[in-house]
Amino acid sequence: MKTAFVTGGSRGIGLAIVKELGRAGFRVALMATREEEHYPESSRQLKESGVDYLWLTGDISSSSDRERVVTEAFKEFGRIDVLVNNAGVAPKLRADLLTMTEESYDYVMDTNTKANMFITQRVAREMTAQEPVDGRKGIIINISSCSAEVSSVNRGEYCISKAGISMLTLLYADRLAGEGILVYEVRPGVIRTDMTKKVEEKYSGLIGQGLFPIARWGTPEDVARAVRAFASGDFPYTTGSYIDVDGGFHIKRL
Ligand SMILES: NC(=O)c1ccc[n+]([C@@H]2O[C@H](COP(=O)([O-])OP(=O)(O)OC[C@H]3O[C@@H](n4cnc5c(N)ncnc54)[C@H](OP(=O)(O)O)[C@@H]3O)[C@@H](O)[C@H]2O)c1
């Protein structure tokens with residue numbers, strides 16, 4: 001049975017990814033900040049979907065927590081075929097670029113970008129030592145955002161953190177291709193989750209005004225299906241590439 005490790009699998013997009021990979025036949029280790037009992041609805045959904053999952057707890061921005069959780073996942077599963085770097089945060093307060101604090105910058109960059117860099121490094125080292133399956137030692141999928149390219153001046157630290165993930169994707173794709181490890185990026189647009197709850201009215205208004213060619217909110221399942229496609233191994237001659245899951249938002253229009 002193939003195995004996957006999904007960061008931030010307790011809610012939203014990550015939870016949908018865990019379920020989707022589970023349905024595709026993966027055993028899935030997920031990481032969240034708190035124990036399963038704190039997420040009764042997610043726990044119910046996971047049990048109902050029949051996914052074979054392992055719930056791991058830690059703060060991804062902490063080096064020692066990352067080390068402990070990855071060690072536990074390898075100990076339990078023996079190998080990790082697919083790593084999905086999904087955990088992420090928005091700034092606690094949306095502040096203009098001219099007033100953004102260093103504290104907020106560090107919080108967002110440490111959680112979104114630094115954690116992605118070093119969890120990938122840790123897992124990739126182990127992947128390189130794994131026996132290849134179907135000609136591959138592993139697949140790594142980063143969840144960035146349309147914000148990797150789209151400017152939002154009231155949450156610049158988030159945009160920078162996601163642009164950094166796009167470069168991490170290219171760097172690791174380049175470094176790991178010769179090791180038999182493929183690296184991809186999924187760029188969600190506006191997806192209905194806890195992260196977008198605070199700005200639900202604003203985004204619903206913009207969608208109503210035709211901001212996206214596909215005129216609806218994205219769902220966590222939309223993103224999960226793209227992740228499953230990359231995780232399937234069906235792109236063996238592709239690495240360092242991304243797919244937009246954004247209703248066509250990236251299309252420049254007149
Ligand atoms: N929603 C959107 O419109 C959208 C658009 C583009 C990109 N994205 C990206 O997609 C990813 C998932 O977003 P989402 O909307 O599903 O967000 P969400 O509903 O807020 O869920 C975030 C997930 O990340 C985990 N997480 C956050 N900080 C963590 C930490 N320090 N250590 C470990 N886990 C941590 C959370 O765990 P806990 O439950 O324990 O807090 C949770 O599972 C993020 O990287 C986000 O930037 C989202």
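Residues numbered from 1 in each chain as written. Predicted model: local features only at pLDDT ≥ 70, side-chain atom pairs only at ≥ 80, totals over all residues. Heavy atoms only, no water.

Our next topic: the pattern of salt bridges. Counted under the stated rule, the structure contains 20 salt bridges. Between glutamate 67 and arginine 122 there is a salt bridge whose closest N-O contact spans 2.7 Å. Taken together, the positions of glutamate 67 in helix H3 (residues 63-77) and arginine 122 in helix H4 (residues 102-128) put the pair 55 residues apart, joining distant regions of the chain. On the basis of relative accessible area, glutamate 67 is assigned to the partly exposed category, the value being 37%. With a relative accessible area of 16%, arginine 122 lands in the buried category. Measuring nitrogen to oxygen at the nearest pair gives 2.8 Å for the salt bridge that ties glutamate 126 to arginine 122. Of the two residues, glutamate 126 and arginine 122 are both situated in helix H4; the distance of four residues between them amounts to about one turn of the helix. On the accessibility criterion, glutamate 126 (31% relative accessible area) is partly exposed. Where salt bridges share partners, they join Arg11, Asp194 and Lys197 into one cluster. (Salt bridge = Lys/Arg side-chain N within 4 Å of Asp/Glu carboxyl O. Helix = DSSP H or I, 4+ residues; strand = E, 2+ residues; numbered from the N terminus. Buried < 20%, exposed > 50% of the residue type's maximum accessible area, 1.4 Å probe, protein only.)

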